[in-house]
Amino acid sequence: MKSCGSMLGLWGQRLPAAWVLLLLPFLPLLLLAAPAPHRESYKPVIVVHGLFDSSYSFRHLLEYINETHPGTVVTVLDLFDGRESLRPLWEQVQGFREAVVPIMAKAPQGVHLICYSQGGLVCRALLSVMDDHNVDSFISLSSPQMGQYGDTDYLKWLFPTSMRSNLYRICYSPWGQEFSICNYWHDPHHDDLYLNASSFLALINGERDHPNATVWRKNFLRVGHLVLIGGPDDGVITPWQSSFFGFYDANETVLEMEEQLVYLRDSFGLKTLLARGAIVRCPMAGISHTAWHSNRTLYETCIEPWLS
C-alpha cells in the first residue's frame, strides 16, 4: 500500500497534465486573446514645405498618416517658413540637409520624403548632394521640377511691374538669383540666358557642366521610388506638366518628360529610373495648388501606397 506522502507526490506529478486537459476547450479563446505579433514599424516620413508655407499647412496630411499608418514618426520640418522661403535654394538645401541627417541616421531601413511645391526642388537637390541618403520614396507633390514660367499671384506680389515675358531680366541677373523663385524660373524663349545664369535648376538638371555632375547623378539614383504628383487644375505650377518633368519648348508647346533633353541624355538619372520601374506618375484633376496636402482622396490614391 502506498504511503500518504507517495500519493501526494503522484498527484503533484499528474496535476499539470490534468489542467491541460481542462483548458483544451478554451485554447482557441486564449489564442485570440494573446497579443498580436509585433509588426515592423513604418519608415519615418519627412515633410518639406513650399513657398510661403509652414509646418501648420500639413496638419491634415499628418492626421491622414497617423490614421492609416499608426505609429509612424512624421517630421514636418519647420525651416525657412513664410518669407524666409524666398531665401536662395542652395541656402535652404544646406539648412534642410542638417535637419534630415540625424533623422536618416536613426532609420537604417530608410525614410520617405514628401516634398510640396518649391520644397520638391529642395528635396531633389538633397538627393543629389547627399552621398549616403537612404530615401525609399521621394514623393514630389505638385512641384515645378522642370521649372516655372507663369503669371501667378505669387509672381505678381513679388514683382508687380513684371510679366512672365520680361521677368528673365530680373531672374537671370546675380541679384535675381538671390530669390528662390528665380532659382527655378525657366524662360523657354531665353534658353541661353537660363543655362548661363541659373545657379540652381540648370545644375541639378545636369543641363550645365559642373564638377559634381557625376557624383550628383549617382546619389540621385540611390532613391527607391520617385512619385510624381500634379494635375491640370493646379493653377500655380506653369505648365502643370512641370510636376512630371514636362515643359514648354520655344513655341510654348509642352513636351513630356520622355521628350526632354535631360531625359534623353539621362543627365541626372530620369531615364535610368524609368527603365527600372522606379518612376510613378499620379495625375489628379480637380485639385488646386493649395489643396494637394489636404485632399484625402489624393492622399489615399497617390501617397499612402508608398509609405511602407
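Look up a bit, the structure's there.
Since we're looking at a predicted model, the values are computed, not measured.

(A) The overall build of the protein, seen in detail. In terms of regular secondary structure, the protein is built from 14 helices and eight strands. Within the protein, the fraction of its 308 residues that count as buried is 49%. Sequence separation of at least 24 residues holds for 68% of the intrachain contacts in the protein that already meet a minimum separation of 6. Surface exposure of the protein reaches about 15100 Å², of which carbon and sulfur atoms provide 58%.

(B) Main features of the packing of aromatic side chains. Summed over all chains, the structure comprises 13 aromatic pairs. Considering the side-chain rings of Tyr149 and Tyr248, the 6.2 Å spacing of their centres and the 85° angle between planes classify their relative orientation as edge-to-face. One end of the pair, Tyr149, is in the loop between strand S4 (135–141) and helix H6 (153–158); the other, Tyr248, is in strand S6 (residues 247–248), and 99 residues separate them in sequence. Note on accessibility: Tyr149 and Tyr248 belong to one class, buried. The interplanar angle of 70° and the centroid separation of 5.2 Å between the aromatic rings of Trp175 and Phe179 together place this pair among those described as edge-to-face.

(C) Fine view of the pattern of salt bridges. By the definition in use, this model includes seven salt bridges. Here Arg87 ties to Glu91 by a salt bridge, and the two come within 3.0 Å at their closest N and O atoms. Given a relative accessible area of 35%, Arg87 falls into the partly exposed group. For Glu300, the salt bridge is made with Arg296, and the minimal N-O distance between the two is 3.0 Å. Note that Glu300 and Arg296 are positioned in helix H14 (residues 296–303) at a spacing of four residues, about one turn of the helix.

(D) Layout of the state of the cysteines. One pass over the structure, following the stated rule, counts three disulfides. Put simply, Cys115 and Cys123 are joined by a disulfide, and their sulfur atoms are 2.0 Å apart. With the S-S bond torsion at -85°, the cross-link from Cys115 to Cys123 turns out left-handed. Across this residue pair, the class does not change: Cys115 and Cys123 are buried. There is a disulfide in this structure between Cys171 and Cys182, and the S-S distance comes to 2.1 Å. Taking the torsion about the sulfur-sulfur bond, which here is approximately -60°, the covalent link between Cys171 and Cys182 counts as left-handed. Of this pair, Cys171 sits in helix H7 (residues 168–171) while Cys182 is found in helix H8 (residues 180–183), placing the two residues 11 residues apart along the sequence. The disulfide pattern of the protein is 1-2, 3-4, 5-6 when the bonded cysteines are numbered in sequence order.

(E) Looking closely at the nonpolar core. Counting residues in hydrophobic clusters, the biggest one holds 61 residues, and the most contacted among them are Leu113, Val135, Phe138, Leu226, Phe245, Leu270 and Leu273. Of all the elements, helix H5 (residues 118–129) adds the most residues to this core, at seven residues. Setting aside its immediate chain neighbours within four residues, Leu113 contacts Ile46, Cys123, Leu127, Val135, Ser137, Phe138 and Ile139.

(F) Broad picture of the sheet that holds strand S3 (residues 111–116). The six strands are arranged S2-S1-S3-S4-S5-S8 in an open sheet whose pairing can be described as parallel. The sheet terminates laterally at strand S2 (74–76) and strand S8 (279–283), the two strands that pair on one side only. Direction aside, neighbouring strands of the sheet carry axes that sit 15° apart on average. One ladder, built from five bridges, connects S4 with strand S5 (residues 225–230); its direction is parallel. Bridge pairing in S5 links Ser137 to His225. Set on the sheet, H14 makes contact with S3, S4, S5 and S8; between it and S5 the angle comes to about 150°.

(G) Expanded view of the environment of Arg265. Inspection of the secondary structure assignment puts Arg265 in the loop between helix H12 (261–264) and helix H13 (270–275). Sequence-wise, Arg265 and Glu207 are 58 residues apart; in three dimensions their C-alpha atoms are separated by 9.6 Å.

(H) Local environment of H5. For H5, built from 12 residues, the straight-helix expectation of 16 Å at 1.5 Å per residue is met to within 8% by its first-to-last C-alpha distance of 17 Å. Extensive coverage of H5 is indicated by the burial of 12 of its 12 residues. Those residues of H5 not exposed but buried are Gln118, Gly119, Gly120, Leu121, Val122, Cys123, Arg124, Ala125, Leu126, Leu127, Ser128 and Val129.

(I) Structural detail: the side chain of Ser140. On the secondary structure map, Ser140 appears in strand S4. Those residues in contact with Ser140 that lie beyond four places of it in its chain are Cys115, Gln145, Val227, Leu228 and Ile229.

(J) Quick look at the pairing of S5. Where burial is concerned, most of S5 is hidden: five out of the six residues are buried. In terms of strand pairing, S5 meets S8 through five bridges, oriented parallel. The partner of Leu228 across the bridge, within S8, is Arg281.

Parameters and conventions
- Residues numbered from 1 in each chain as written.
- Predicted model: local features only at pLDDT ≥ 70, side-chain atom pairs only at ≥ 80, totals over all residues.
- Heavy atoms only, no water.
- Helix = DSSP H or I, 4+ residues; strand = E, 2+ residues; numbered from the N terminus.
- Buried < 20%, exposed > 50% of the residue type's maximum accessible area, 1.4 Å probe, protein only.
- Contact = heavy atoms within 4.5 Å.
- Areas by Shrake-Rupley, 256 points an atom, 1.4 Å probe, with all protein chains shown as cover.
- Phe/Tyr/Trp six-rings, centres within 6.5 Å; stacked < 30°, edge-to-face > 60°.
- Salt bridge = Lys/Arg side-chain N within 4 Å of Asp/Glu carboxyl O.
- Disulfide = S-S within 2.5 Å.
- Core = buried A, V, L, I, M, F, W, Y, C linked by side-chain atoms within 4.5 Å.
- Pairing = 2+ DSSP bridges.
- Axes fitted to C-alpha atoms, helices over the stretch in contact; angles between N-to-C directions.
- Expected span 1.5 Å × (residues − 1).

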